[in-house]
Amino acid sequence: MEYSAGNVDIAVVGAGHAGCEAALAAARLGMKTLLFSMNLDSIANMPCNPNIGGTGKGHLVREIDALGGEMAKCADKTLIQSKTLNSAKGPAVYSLRAQVDRRWYQAEMKNTLECQDNLFIKQAEVVEIITGDSCRVTGVKTHTGAVYSCKAVILTTGTYLKGKIHVGDISYSGGPDGLFPADRLSDSLREKGIELLRFKTGTPARLNGRSIDLSKLTEQPGDEVIVPFSFENHVIEREQISCWLTYTNSTTHEIIRSNLHRSPLYGGMIEGIGPRYCPSVEDKIVRFADKEHHQVFVEPMGLGTQEVYLQGMSSSLPEDVQTEMIRSLPGLENAHIMRSGYAIEYDCIDPIQLKLSLESKKIPGLFSAGQINGSSGYEEAAAQGLIAGINAVNMIRGREPLILDRSQAYIGVLIDDLVTKGTSEPYRIMTSRSEYRLLLRQDNADLRLTPKGYEAGLISEERYKRFLDKKDKIEEEIERLRNTYLPPSEEVNALLTSLGSTNIRSGISIAELLRRPEITYRALEAVDVDRPGHLRRDDRRKYDPVAEQVEISVKYEGYIKRQMIQVEQYRKMERKHIPENIDYSAIHGLRLEARQKLAKQRPVSVGQASRISGVSPADISVLLIYLSSRPECADD
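Quick summary incoming for the structure in this document. All values derive from a computational prediction rather than experimental measurement.

A short note on the overall build of the protein
On a plain count of helices and strands, the protein comes out with 20 helices and 24 strands. Against the compact-globule benchmark of 26 Å for 636 residues, the protein has a radius of gyration of 26 Å, which places it among compact chains. Taken over 636 residues, the protein has a buried fraction of 58%. By sequence separation, contacts in the protein at least 24 residues apart represent 72% of the contacts at least 6 residues apart. Accessible surface computed for the protein: about 26,600 Å², of which carbon and sulfur atoms make up 49%. One finds the centroid of the 80 positive side-chain charges in the protein at a distance of 2 Å from the centroid of its 85 negative side-chain charges.

Some remarks on the sheet that holds strand E11 (residues 152–155)
Here we have five strands laid out as an open sheet, ordered E7-E3-E2-E11-E22, and parallel in their pairing. Edge positions in the sheet fall to strand E7 (119–123) and strand E22 (366–368), since each of these pairs with one other strand and no more. Strand-to-strand twist in this sheet, taken as the mean axis angle between neighbours without regard to direction, amounts to 20°. Examined bridge by bridge, strand E2 (residues 10–13) and E11 share four bridges and lie parallel to one another.

Details of the nonpolar core
A general trend in soluble globular proteins is that nonpolar side chains are found buried together. Formed by 103 residues in total, the largest nonpolar core has its most connected members in Ile 10, Ile 52, Tyr 105, Ile 129, Val 153, Leu 155 and Ile 411. Here the element with the most residues in this core is helix H10 (residues 378–396); it accounts for ten residues. If near-sequence neighbours (up to four positions away) are discounted, Ile 10 is found in contact with Ala 26, Met 31, Lys 32, Thr 33, Leu 34, Cys 150, Ala 152, Ile 154, Ala 392, Val 393 and Ile 396. Ranked by size, the runner-up nonpolar core spans 23 residues in total, among them Leu 207, Leu 217, Val 296 and Leu 310.

Description of the packing of helix H1 (residues 17–28) against H10
Packed helices, taken two at a time, are described by the angle their axes make and the gap between the axes. Close contact between H1 and H10 brings their axes to 7 Å; oriented N to C, the two are set at 30°. For the element pair H1 / H10, the angle class is roughly parallel. Where H1 crosses over H10, the two elements pack in a sense that is right-handed. Across from His 17, Ala 18, Glu 21, Ala 22, Ala 25 and Ala 26 in H1, the residues of H10 making contact are Tyr 378, Ala 381, Ala 382, Gly 385, Leu 386, Gly 389, Ile 390 and Val 393. Grouping the constituent residues of the contact of H1 with H10 by class yields ten nonpolar, three polar and one charged.

Remarks on the sheet that holds strand E13 (residues 170–173)
The strand order across the open sheet built from four strands is E13-E12-E21-E14, with neighbouring strands paired in antiparallel fashion. At either margin of the open sheet sits one strand with a lone partner, and together these are E13 and strand E14 (196–203). Between one strand axis and the next, the sheet turns by 25° as a mean value, whatever way the strands run.

A short note on the pattern of salt bridges
This structure, assessed with the given rule, holds 54 salt bridges. Between Glu 2 and Lys 141 there is a salt bridge, with the nearest N and O atoms lying 3.1 Å from each other. Of this pair, Glu 2 sits in the segment before strand E1 (3–7) while Lys 141 sits in strand E9 (residues 137–142), and the two are 139 residues apart along the sequence. By relative accessible area, Glu 2 is classed as exposed at 53%. By relative accessible area, which is 15% here, Lys 141 ends up buried. Glu 477 is paired through a salt bridge with Arg 480; the nearest N and O atoms lie 2.8 Å apart.

Comments concerning the state of the cysteines
The final tally for this structure, using the stated rule, is zero disulfides. Just so you know, Cys 20 is unpaired, no disulfide at all, and the nearest cysteine sulfur is the one on Cys 74, 8.5 Å from it. A relative accessible area of 1% places Cys 20 in the buried class. Cys 243 takes part in no disulfide bond, and the closest cysteine sulfur, belonging to Cys 48, lies 15 Å away.

Describing the pairing of E11
Of the two faces of E11, the one lined by Ala 152 and Ile 154 and the one lined by Val 153 and Leu 155 are each fully buried. Bridge analysis of E11 against E22 gives three bridges, and the strand direction is parallel. From the neighbouring strand, Ile 154 faces E22, where its bridge partner is Phe 367.

Calculation rules
- Residues numbered from 1 in each chain as written.
- Predicted model: local features only at pLDDT ≥ 70, side-chain atom pairs only at ≥ 80, totals over all residues.
- Heavy atoms only, no water.
- Helix = DSSP H or I, 4+ residues; strand = E, 2+ residues; numbered from the N terminus.
- Rg over C-alpha atoms; globule rule 2.2 N^0.38 Å.
- Buried < 20%, exposed > 50% of the residue type's maximum accessible area, 1.4 Å probe, protein only.
- Contact = heavy atoms within 4.5 Å.
- Areas by Shrake-Rupley, 256 points an atom, 1.4 Å probe, with all protein chains shown as cover.
- Lys, Arg positive; Asp, Glu negative; His and termini not counted.
- Charge placed at Lys NZ, Arg CZ, Asp CG, Glu CD.
- Pairing = 2+ DSSP bridges.
- Axes fitted to C-alpha atoms, helices over the stretch in contact; angles between N-to-C directions.
- Core = buried A, V, L, I, M, F, W, Y, C linked by side-chain atoms within 4.5 Å.
- Parallel < 35°, antiparallel > 145°, perpendicular 65-115°, else oblique.
- Left-handed = near helix turned anticlockwise from the far one by under 90°.
- Nonpolar A, V, L, I, M, F, W, Y, C, P; charged D, E, K, R; others polar.
- Salt bridge = Lys/Arg side-chain N within 4 Å of Asp/Glu carboxyl O.
- Disulfide = S-S within 2.5 Å.

Written out as structure tokens, the structure is:
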């Protein structure tokens, strides 16, 4: 039996990290929004690992915050350990990573959703997307027959679509963390012409921390200074919990090798394609056979539990093999497994069916975000959810979508990679995926994106004024450093000697000194008598974002200018618009493969066309010549 259950503006299907951001963005922008979750206790769940951020991922979290999203704020509230990864390298690859209290994070995010005006939460399984005569979205139907009319739907289903769990030779229908799968929505999507892929991901066993001998492990404390994810936070005072490090060994590897025939991954039971950059431990042993050991991090799941997570030990081997291999690790000889590791297969859509706005090319009003788009990770999901939420609102209001390009944000890289190139495996963001990573640093995400968040309506007037004040302070200090000269005094040269730097014989600007690799902004404070009071370091536990931005901007000025020139060349191609109705079969000189790929993906610009697999530089030259003969194809 079907029955009408009400009308909303936007329905969000799934309340993981993508769904939370999408629903909050839509509701905060004034839309009556309904968020569906198969189980309200799984809202913002972390079924894979208990952390936020990491290499490349930390950039995404900062960008989400700069645009007005929620993940960074929730992570700052609930973190139990904070680290800046890659700190021995350059600032382009610095990446924040926080261990969070898993249940605390869930509770905070759920409460944020519950307290949000215009947002309603419903425990139900959505089994059908309803479309009208024009194939436009008109509503959704739940497993109980309730029909909710809406103007847009955002699918954020994670790994639930036809979820199948594998542990050794045991397989069963299921979602993550012992929850139910969503078995009927995939059929509705296929019936409407959406092409689906089959992917796989996995998770390691969870142990009781009391059964681990920490004396045999290496302690991994957090950083002394906690750098917040959110630009609205400057100081986080919190007692941090340590993680611990152990290693696999020859015994571990032999146990795994002798049981590979029992792995569903190698036994042919798993059809889905797994993530290249987060392989299972059995996959590591096969692919990196020359490695004598692999790192395994023991990470706490929270303050109110003894449960710990084994980062680096994802596995779908049988339970008895998991026990044997885990107990072969130093310190884990008597480990008690509370939850066995497993692999999960699930349906997702081929993302080349999406526009850059994350709206379906086939079904107007249908958006999708997160693992349903072929990505992996909480941060990738949340970033897409935020963009999908903003663009669903813009679509309803008849406004242009918010599209971030590859030179503006890692979010732009993420979405462009998925939509333009597609993916044959769960996609993970990495700093190496960006051509302009020196510009797309985590420290300047607010400078890059807060104006766009303000324009979109998710950044308050008060926050925007604080942002402008910070921007002014950065610019003023950079200008002061360029115009302030230090004499070759005994004090200055003594400082330079202590820093292992060459003495000066004539006056030199502070900016020029700061460009020396061994010199830091903080080190020059002793001789920089005119430095403004707010930039003097009175508390070494305090993170100073203005000082950080000033130092990086001055020290890497030459490299930044060089990359800006590259960006301008890139944007020239992005500005060359391609009409939506172009007939690629009529363009003489295009190779057959290029015609087919371009006709299927319908790129919006020459720049996007150039990134499609199978479209060669020669094809782009032919396309440019053709477009130059059409007056409606002038640069945007």
